[in-house]
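Observations on the model geometry
Okay, here's what each chain looks like letter by letter:
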Amino acid sequence: METGTLFGWAFGEPAREKNGAYVSGLEKDALENARETAKAKGVTVVAGSEVFTALGANDSLVELDHAPGKLVVRCTVRIEGQGAGKLHAEGPMNG
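All values derive from a computational prediction rather than experimental measurement.

Bringing the overall build of the protein chain into the picture now. From N to C terminus, the protein chain includes one helix and six strands. Reading the secondary structure of the protein chain in the N-to-C direction produces β-α-β-β-β-β-β. Relative to its full complement of 95 residues, the protein chain shows a buried share of 33%. Counting only contacts in the protein chain whose residues sit at least 6 apart along the sequence, the fraction spanning at least 24 positions is 71%. Entry remark: accessible area of the protein chain is about 5900 Å², with carbon and sulfur atoms responsible for 51%.

See the structure below:
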């Protein structure tokens, strides 16, 4: 079976980035975004493959000026199915 990777995204309020419950909610939203993207591409997310990264406005290597809310939670997932081998989460995009 072919495998690949995708990103999912959620955006939040930077003032709440230290609130664990709030960030957990954003992680759920980012995973759901990844699942929706996978479904739209005709592939499925491998259960338990999600990895989360939270990027706040103070992260010096990240340009967040155009990100809604300036707190970004990214979810990277492994996917499988027909055509999944052509999908790769790279940089900020699914390509």
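Across ten bridges, strand S1 (residues 3-12) lies against strand S4 (residues 71-80) in antiparallel orientation. The residue of S4 that forms the bridge with tryptophan 9 is arginine 74. For strand S2 (residues 44-45) and S4, the ladder comprises two bridges, and the chain directions are antiparallel. Within the sheet, the bridge partner assigned to valine 45 lies in S4 and is isoleucine 79. One ladder, built from five bridges, connects strand S3 (residues 51-55) with S4; its direction is antiparallel. Across the sheet, valine 51 pairs through a bridge with threonine 76, a residue of S4.

Here the focus is the nonpolar core. Within the largest apolar cluster, 16 residues are counted, with the highest numbers of intra-cluster contacts made by Leu6, Leu26, Val43, Val77 and Ile79. Elements with a minimum of two residues in this core: S1, helix H1 (20-40) and S4. Counting residues per element, this core draws most heavily on H1, at six residues. Dropping the residues within four chain positions of it, leucine 6 is found in contact with Ala34, Thr37, Ala38, Lys41, Cys75, Thr76, Val77, Ile79, Leu87, Ala89 and Asn94.

Our focus in this paragraph is the environment of glycine 48. Tracing the chain through its elements places glycine 48 in the loop between S2 and S3. Taking relative accessible area as the criterion, glycine 48 reaches 64% and is therefore assigned exposed. Put simply, glycine 48 and arginine 78 are 30 residues apart on the chain and 8.9 Å apart in space, counted from C-alpha to C-alpha.

Here we come to the environment of proline 14. Relative to the elements of secondary structure, proline 14 occurs in the loop between S1 and H1. With relative accessibility at 35%, the residue proline 14 sits in the partly exposed group. Between the alpha carbons of proline 14 and leucine 71 there is a distance of 4.9 Å; along the sequence they are 57 residues apart.

The rules we used
Residues numbered from 1 in each chain as written. Predicted model: local features only at pLDDT ≥ 70, side-chain atom pairs only at ≥ 80, totals over all residues. Heavy atoms only, no water. Helix = DSSP H or I, 4+ residues; strand = E, 2+ residues; numbered from the N terminus. Buried < 20%, exposed > 50% of the residue type's maximum accessible area, 1.4 Å probe, protein only. Contact = heavy atoms within 4.5 Å. Areas by Shrake-Rupley, 256 points an atom, 1.4 Å probe, with all protein chains shown as cover. Pairing = 2+ DSSP bridges. Core = buried A, V, L, I, M, F, W, Y, C linked by side-chain atoms within 4.5 Å.

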